[in-house]
Amino acid sequence: MAKLAGLEVISIRGYVKDVLHQNGEPFADTNHDWSAVRLAGQWYLLEPTWGAGGLDDTGQFKKHFSERYFLVDPGQLAYTHFAADPRWHVADTPSLAAFNAQIRPYEAYHRYGVEARETRQQLTAQCASQTLTFNTPGNVYLRASLERDGHVLSQQALLQRHG
């Protein structure tokens, strides 16, 4: 549609961590395409597939429009998308191996304005012990649980709010 509107748009092929991807699972091959569009001389990223909806936990597509995937912040997209072409890497995008190791936050992480003070490279599923610090808007609270192999290990509160 962007081309029909006379816009310069390209497809970007790469690796995407969706709800079916297990943290730390290596990719056998690229698995997704998203787009970039040039507006007023600047390139912007678009993720029209995810903007139209997404997969639920069973892998079924559910329609749900989300404007946040149009002209999306490249730093936010880098949590879940890694371009095969290095020309489309975000400045601090790690290698594919490091991308595989970092955790994938759920969509609500960005929707509600949660930000980790740690870098994406520090948010990995590979460590035995980790302290994470998050910034959230004043009206947003985090909850957490421990899970192993899909089973909840603890119902205890694991978070403490400062300030």
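Even after reading the chapter, I still don't get the pattern of salt bridges, so can you show me in this structure?
When charged atoms on two side chains of opposite charge get close, those side chains can pair. Across all of its chains, the model carries 3 salt bridges by this definition. In this structure, Asp-33 engages Arg-13 in a salt bridge whose closest nitrogen and oxygen atoms are separated by 2.8 Å. Of this pair, Asp-33 sits in strand β2 (residues 32–39) while Arg-13 sits in strand β1 (residues 8–16), and the two are 20 residues apart along the sequence. A salt bridge links Arg-87 to Asp-85; the shortest N-O distance between them is 2.6 Å.

What is the right way to read empty space enclosed by the protein from this model?
The method is simple in principle: a probe with the dimensions of a water molecule rolls over the atoms, and the space it marks as empty is what remains. In total, this model carries 1 cavity of 30 Å³ or more according to the counting rule given. Within this model, the largest cavity holds a volume of roughly 80 Å³. Residue assignment for the lining of the largest cavity shows that the elements contributing at least two residues are α2 (74–77) and β7 (81–83). At 3 residues, β7 tops the list of elements feeding residues into the lining of the largest cavity. Split by residue class, the lining of the largest cavity holds 9 nonpolar, 3 polar and no charged.

Would you mind going over the sheet that holds strand β6 (residues 70–72) with me for this structure?
Strand pairs in the sheet, formed through backbone hydrogen bonds, run parallel or antiparallel to each other. Strands sit in the order β6-β3-β2-β1-β7 across an open sheet of 5 strands; the sheet is antiparallel. Because the sheet does not close on itself, it has two edges, and the strands there are β6 and β7. With direction set aside, neighbouring strand axes in the sheet form an average angle of 50°. Of the pairings in the sheet, the one linking β1 to β2 comprises 7 bridges and is antiparallel in character. Among the inter-strand pairings, Ile-12 is bridged to a residue of β2, identified as Trp-34.

I keep staring at the environment of Ala-84 and nothing clicks. Help me out?
With respect to the secondary-structure elements, Ala-84 resides in the loop between β7 and α3 (96–101). Here Ala-84 falls in the partly exposed class, since its relative accessible area comes to 41%. Taking the C-alpha atoms as reference points, Ala-84 and Tyr-15, separated by 69 residues in sequence, lie 7.1 Å from one another. For Ala-84, the contacting residues outside a window of four places in its chain are Arg-13, Gly-14, Tyr-15 and Thr-30.

Conventions adopted
Residues numbered from 1 in each chain as written. Predicted model: local features only at pLDDT ≥ 70, side-chain atom pairs only at ≥ 80, totals over all residues. Heavy atoms only, no water. Salt bridge = Lys/Arg side-chain N within 4 Å of Asp/Glu carboxyl O. Helix = DSSP H or I, 4+ residues; strand = E, 2+ residues; numbered from the N terminus. 1 Å grid on protein atoms, 1.4 Å probe; cavity = no way out; pocket = protein on both sides within 12 Å on 5 of 7 lines; lining within 4 Å. Points joined across faces, edges and corners; volume = space filled by probe spheres on them. Nonpolar A, V, L, I, M, F, W, Y, C, P; charged D, E, K, R; others polar. Pairing = 2+ DSSP bridges. Axes fitted to C-alpha atoms, helices over the stretch in contact; angles between N-to-C directions. Buried < 20%, exposed > 50% of the residue type's maximum accessible area, 1.4 Å probe, protein only. Contact = heavy atoms within 4.5 Å.

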